[in-house]
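The residues making up each chain are set out below.
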Amino acid sequence: MPGSLGKPGIPHLTSRANPLLKRIRLAASGSRRAGDDLVVAEGVRVLEEATSSGHALDAVVATPGFGSAQRERALLELWRARGVPLCTVDERLFCSLSDVRTPQGALALVRVPPPALGQLPDPGAAPIVCALGLQDPGNLGTLIRAAAAAGAAFVCTARGTVSARNPKAVRSSAGSFFRIPVVEHLEPADFLAYAAAHAIAVYCADPAAGTPYTLADLRGRCAFVLGNEGRGTQGTGLGSLPALRIPMARATESLNVAMAGTILLFEAARQRALGPTP
């Protein structure tokens, strides 16, 4: 096929024991043996975001037919122009690297050094999201996607939260993981200290208590803490934070945590568009 990878000169890997394929599996599993800066990007949209983000691509592994669609060809041209190492594997071996039911035929190892909270630029008026104990990588990825879309400064996660580098989280973020800093494994006390030092008002999302979110002044510096899918922020020591709630119809227990975070983030964006606090 025109533009596809099935061409002479491109290495074709056949062994599951190949060192590169081993590294991909280690990175996907979160193993420390892969290093702490390697992330697996899979799927055309995610690969586009990873490629345009400025992060280094260590290697791309694809099936020989990848490149038959226009967006795939555009990616191949960019990778070749940048000298990204490319190789192919057959469909069966590729499926052993992917946990996607219907793989799109290419994945990449991307170097994303973990950012430290103290190394980030001042967030200004942009909101911050802190995920506390989320266990579903899809929820975390969706929250990262919403944060990037709403203009958040960064996302952070506390210890005990699923990794944002989990392949499902990266896919659920639609590649936004590569565009917004994600600081992981914080202690809640360290995040609160950071917020206090930067005059950031921290709010805890609560399905039943607190101020209706539309009545809170979110035009200044603010951060939203979103708790575990089942128990919220119970037992985290954050019970003294001011709470925001999203009014819901009767008999509705709660919203999906990523949905709740999206609502709060875009309310903050709406209020910021109105201008600074008088």
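Cut-offs and rules
Residues numbered from 1 in each chain as written. Predicted model: local features only at pLDDT ≥ 70, side-chain atom pairs only at ≥ 80, totals over all residues. Heavy atoms only, no water. Buried < 20%, exposed > 50% of the residue type's maximum accessible area, 1.4 Å probe, protein only. Helix = DSSP H or I, 4+ residues; strand = E, 2+ residues; numbered from the N terminus. Pairing = 2+ DSSP bridges. Right-handed = clockwise from strand over helix to strand, strands pointing away. Axes fitted to C-alpha atoms, helices over the stretch in contact; angles between N-to-C directions. Parallel < 35°, antiparallel > 145°, perpendicular 65-115°, else oblique. Left-handed = near helix turned anticlockwise from the far one by under 90°. Contact = heavy atoms within 4.5 Å. Nonpolar A, V, L, I, M, F, W, Y, C, P; charged D, E, K, R; others polar.

1. Quick word on the pairing of strand 5 (residues 128-131)
Alternating positions in strand 5 separate into two faces, Ile128 and Cys130 on one and Val129 and Ala131 on the other, with burial throughout. Direction of pairing for strand 5 relative to strand 6 (residues 154-158): parallel, over a ladder of 4 bridges. Looking at strand 6, one finds that Cys130 is bridged to Cys156. Once you follow strand 5 into helix 5 (residues 137-149) and on to strand 6, the crossover reads as right-handed. Of the pairings in the sheet, the one linking strand 5 to strand 10 (residues 222-226) comprises 4 bridges and is parallel in character. Bridge assignment links Ile128 to a residue of strand 10, and that residue is Ala223.

2. Section: the sheet that holds strand 4 (residues 106-111)
On the basis of which strands lie adjacent, the open sheet formed by 4 strands has the order 1-4-2-3 and mixed pairing. Both outer strands of the open sheet, strand 1 (38-42) and strand 3 (86-88), are each paired with one neighbouring strand and no more. When the angles between neighbouring strand axes are averaged without regard to direction, this sheet yields 20°. Bridging between strand 2 (residues 56-62) and strand 4 involves 6 bridges; their strand directions are antiparallel. Bridge assignment links Ala62 to a residue of strand 4, and that residue is Ala106.

3. Here we look at the packing of helix 2 (residues 44-52) against helix 3 (residues 70-82)
At a minimum axis separation of 11 Å, helix 2 and helix 3 run at an interaxial angle of 30°. Comparing the axis directions of helix 2 and helix 3 gives the class roughly parallel. You can see that helix 2 and helix 3 cross each other, and the crossing is left-handed. Counted together, Val44, Arg45, Leu47, Glu48 and Thr51 of helix 2 and Arg71, Glu72, Leu75, Leu78, Trp79 and Arg82 of helix 3 form the full contact between these two elements. Among the residues forming the contact of helix 2 with helix 3, the class breakdown is 5 nonpolar, 1 polar and 5 charged.

Just distances and angles here, no functional claims.
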